[in-house]
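Chain by chain, the residues:
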Amino acid sequence: MKKFNLQTTCTVIRVLDELNNEQMGRNIVFWKLPKQLDGLIKDPGLVLHSVVAVEGGSLELTLETKQVAFYIFLASSIHGDFDDNAFSMAAGSRKKVRFAPAVESLTDGSHNMEQSFAESLRMDHLGMAINDRTAENV
């Protein structure tokens, strides 16, 4: 498997706070179309490692991936908000994301919100757009 090379494929743009030089945001701009990205794979081994209820009724998700995964987009049939979405993860990394369910979702009668949420979670990423690198429409 060819390893993904960030230096020759894209630019990472970081937005820094001028006062304390902390990173406020980050974006990745690709120089090529997805079908032309060497090393981008359809299945990077992205999995939901755990879902834990935390204070205030929110859920804390821990995601992990074996290979690099770009533009990970999270969605759920349970109404609510993610504190981060459309992010990228490095190979072998873990990331924590919080999900705040809408008030009506908390009263849906589900006794195990963590399990219901895990079953409803959908994780898409850029590599899923790769069907056939020879296809004209990718």
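Look above for the structure.
Bear in mind the structure is a predicted one, so any value in this text is a computation, not a measurement. (Residues numbered from 1 in each chain as written. Predicted model: local features only at pLDDT ≥ 70, side-chain atom pairs only at ≥ 80, totals over all residues. Heavy atoms only, no water.)

### Quick notes on the overall build of the chain
A count of helices and strands for the chain gives 3 helices and 9 strands. What you see in the chain, going N to C, is helices and strands ordered as α-β-β-β-β-β-β-β-β-α-α-β. A buried classification covers 32% of the 138 residues belonging to the chain. When the accessible surface of the chain is summed, it comes to about 8,900 Å², and 50% of that surface belongs to carbon and sulfur atoms. (Helix = DSSP H or I, 4+ residues; strand = E, 2+ residues; numbered from the N terminus. Buried < 20%, exposed > 50% of the residue type's maximum accessible area, 1.4 Å probe, protein only. Areas by Shrake-Rupley, 256 points an atom, 1.4 Å probe, with all protein chains shown as cover.)

### Some thoughts on the sheet that holds strand 7 (residues 87–89)
Spatially, 7-5-9 is the arrangement adopted by the 3 strands of the open sheet, whose pairing is antiparallel. Only two strands of the sheet have a single partner each, and these edge strands are strand 7 and strand 9 (122–124). When the angles between neighbouring strand axes are averaged without regard to direction, this sheet yields 40°. In the sheet, strand 5 (residues 69–75) pairs with strand 9 via 3 bridges, with the strands oriented antiparallel. Its bridge partner being in strand 9, Ala75 is matched across the sheet by Arg122. (Pairing = 2+ DSSP bridges. Axes fitted to C-alpha atoms, helices over the stretch in contact; angles between N-to-C directions.)

### Some remarks on the side chain of Ser120
Tracing the backbone through its elements, the reader meets Ser120 in helix 3 (residues 113–120). The buried category is assigned to Ser120, whose relative accessible area is 17%.

### A look at the pairing of strand 1 (residues 10–16)
Sheet analysis places strand 1 next to strand 2 (residues 23–30), joined by 7 bridges and oriented antiparallel. Looking at the pairing, Cys10 lines up with Phe30 of strand 2. If you look at the hairpin formed by strand 1 and strand 2, you'll find 6 residues sitting between the two strands, and Asn21 has a positive phi there, around 60°.

### What about unusual backbone geometry?
For Tyr71, which is not glycine, the phi torsion reads 50° and is therefore positive. By the secondary structure assignment, Tyr71 is in strand 5. Phi at Ala86 takes a positive value of approximately 55°, unusual for a residue other than glycine. In this structure Ala86 comes out as partly exposed when scored by relative accessible area, which is 47%.

### Considering the packing of aromatic side chains
By the definition in use, this model includes 3 aromatic pairs. A ring pair is formed by Phe82 and Phe99, whose centres lie 4.8 Å apart and whose planes are at 55°; its orientation type is tilted. Taken as a pair, Phe82 in strand 6 (residues 80–82) and Phe99 in strand 8 (residues 94–101) lie far apart in primary sequence, 17 residues in all. Here Phe82 and Phe99 have matching classes, each one buried. Seen from their ring centres, Phe99 and Phe117 are 4.6 Å apart, and the 35° between their planes marks the pair as tilted. Remark: Phe117 occurs in helix 3 and Phe99 occurs in strand 8; sequence separation between them is 18 residues. On the accessibility criterion, Phe99 (1% relative accessible area) is buried. Its guanidinium or amino end placed over the ring of Phe87, Lys95 lies 4.9 Å from that ring's centre, counting from NZ or CZ. (Phe/Tyr/Trp six-rings, centres within 6.5 Å; stacked < 30°, edge-to-face > 60°. Lys NZ or Arg CZ within 6 Å of the ring centre and 35° of its normal.)

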